[in-house]
Amino acid sequence: MKVIELSVNYDFICPWCWIGHLNLASGIRAANLPVPVSIEYVPFELNPAMPADGMDRRKYRTAKFGSWVRSQGMDAQVAATGLAASAQFNYDRVSRTPNTRLAHQLMQYASSVDDARKTEALYESIFSAYFSEGHDIGLLGTLVDIAVEAGFEATATEEYLLQGRGLAAVLAAQRLTQQQGVRSVPTVFIAGEAISGAQPPAVFANALRAALERSTT
């Protein structure tokens, strides 16, 4: 049986990556393909120079966008768009902008366990923990708790992260992504064809059907 291969370039502080993920999931269901879909999650750090303990979100966003008022307006737009995709953004709970490298290493651990269901659950839970619950996803303890809720074993997860495992794979994946020309997230490759942005479910569904058609001709 053929498999349609997808790769998703993302970062956990990107709200559009969460919206795009949910739209992609809806698109996969709508496409109703007769073959399975395999998803690889590819890290893309938007702030690779972010301090390890993150930054106060208000200070960071004010410096980045010129004013806190402008940042709040952008947050409101994201939150409104997120509702259509069933993504709940509670920015009033988010006090820090985290360094996401450790979260990307956690995803490497999930991939090494090779359980697609648990990996997807973890991926979704990290976004929800940050954007909906306001947790600091740059903290080891927070990430271990999220992993346990997704079905991973606490001690093994903690040891993996404490030992710095997965870091080389994260950095290598990002170098490859840059070589492929990816400059923003989310970027989804469906059987090698790139789709940029949090596109509507229909866009993903049509791309999946086209990929299936190409594979059978």
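Residues numbered from 1 in each chain as written. Predicted model: local features only at pLDDT ≥ 70, side-chain atom pairs only at ≥ 80, totals over all residues. Heavy atoms only, no water.

Enquirer: Help me understand the overall build of the chain, please; the structure alone is not making it clear to me.
Expert: Broken down by element type, the chain carries nine helices and six strands. At 17 Å, the chain has a C-alpha radius of gyration in line with the 17 Å of a compact globule built from 217 residues. The C-alpha extent of the chain, read off along each of the three principal axes, is 55 × 40 × 35 Å. When burial is assessed residue by residue, the chain has 47% of its 217 residues classed as buried. Nonlocal contacts in the chain, meaning residues at least 24 apart in sequence, comprise 77% of its contacts between residues at least 6 apart. When the accessible surface of the chain is summed, it comes to about 10800 Å², and 51% of that surface belongs to carbon and sulfur atoms. Where the 18 positive side-chain charges of the chain centre and where its 21 negative ones centre are 7 Å apart. (Helix = DSSP H or I, 4+ residues; strand = E, 2+ residues; numbered from the N terminus. Rg over C-alpha atoms; globule rule 2.2 N^0.38 Å. Buried < 20%, exposed > 50% of the residue type's maximum accessible area, 1.4 Å probe, protein only. Contact = heavy atoms within 4.5 Å. Areas by Shrake-Rupley, 256 points an atom, 1.4 Å probe, with all protein chains shown as cover. Lys, Arg positive; Asp, Glu negative; His and termini not counted. Charge placed at Lys NZ, Arg CZ, Asp CG, Glu CD.)

Enquirer: Can you help me understand the pairing of strand S5 (residues 187–190) in this one?
Expert: Burial of the side chains of S5 extends over both faces: Thr 187 and Phe 189 are buried on one face and Val 188 and Ile 190 on the other. Pairing of strand S1 (residues 4–10) with S5, which is carried by four bridges, proceeds in the antiparallel orientation. Pairing of Asn 9 across the sheet is with Thr 187, part of S5. Linking S5 back to strand S6 (residues 193–196) in an antiparallel pair, the connection comprises two residues, with Ala 191 at a positive phi of about 50 degrees. (Pairing = 2+ DSSP bridges.)

Enquirer: Mind showing me how you'd approach the side chain of Gln 174 here?
Expert: Locating Gln 174 in the fold gives a position in helix H8 (residues 167–179). Reaching out from Gln 174, the side chain makes a polar contact with the backbone nitrogen of Glu 45 at a distance of 2.5 Å. In this structure, Gln 174 is in contact with Pro 43, Phe 44 and Glu 45, ignoring residues within four places of it in sequence. (Polar contact = N/O pair within 3.5 Å; in protein donor to acceptor, adjacent residues only side chain to side chain.)

Enquirer: Before we go on, may I ask you to explain the packing of aromatic side chains in this structure?
Expert: Ring pairs (aromatic) are described by centroid distance and by the angle formed between their planes. Counted under the stated rule, the structure contains 17 aromatic pairs. With centroids separated by 5.9 Å and ring planes inclined at 55 degrees, the aromatic side chains of Tyr 109 and Phe 152 adopt a geometry described as tilted. Residue Tyr 109 is located in helix H4 (residues 101–113), and its partner Phe 152 is located in the loop between helix H6 (140–149) and helix H7 (154–162); the two are separated by 43 residues in the primary sequence. Of the two residues examined, Tyr 109 and Phe 152, each falls in the buried class. (Phe/Tyr/Trp six-rings, centres within 6.5 Å; stacked < 30°, edge-to-face > 60°.)

Enquirer: What is the right way to look at the packing of H4 against H7 in this model?
Expert: Between H4 and H7, the shortest axis-to-axis distance is 10 Å and the interhelical angle comes to 125 degrees. As far as their axial angle goes, H7 and H4 are oblique. Classified by chirality, the crossing of H7 by H4 is right-handed. Side by side, H4 and H7 meet where Leu 102, Gln 105, Leu 106, Gln 108 and Tyr 109 of the first sit next to Ala 156, Thr 157, Tyr 160 and Leu 161 of the second. In terms of residue class, the contact of H4 with H7 is made up of six nonpolar, three polar and no charged. (Axes fitted to C-alpha atoms, helices over the stretch in contact; angles between N-to-C directions. Parallel < 35°, antiparallel > 145°, perpendicular 65-115°, else oblique. Left-handed = near helix turned anticlockwise from the far one by under 90°. Nonpolar A, V, L, I, M, F, W, Y, C, P; charged D, E, K, R; others polar.)

Enquirer: Would you explain the nonpolar core in this entry?
Expert: Inside soluble globular proteins, nonpolar side chains tend to come together where they are buried. Residues Ile 4, Tyr 10, Phe 12, Phe 89, Leu 122 and Ile 190 are the most contacted members of the largest nonpolar core, which totals 56 residues. In this structure Phe 89 touches Pro 15, Trp 18, Ile 19, Val 78, Ala 79, Gly 82 and Phe 131, once residues within four positions along its chain are discounted. (Core = buried A, V, L, I, M, F, W, Y, C linked by side-chain atoms within 4.5 Å.)

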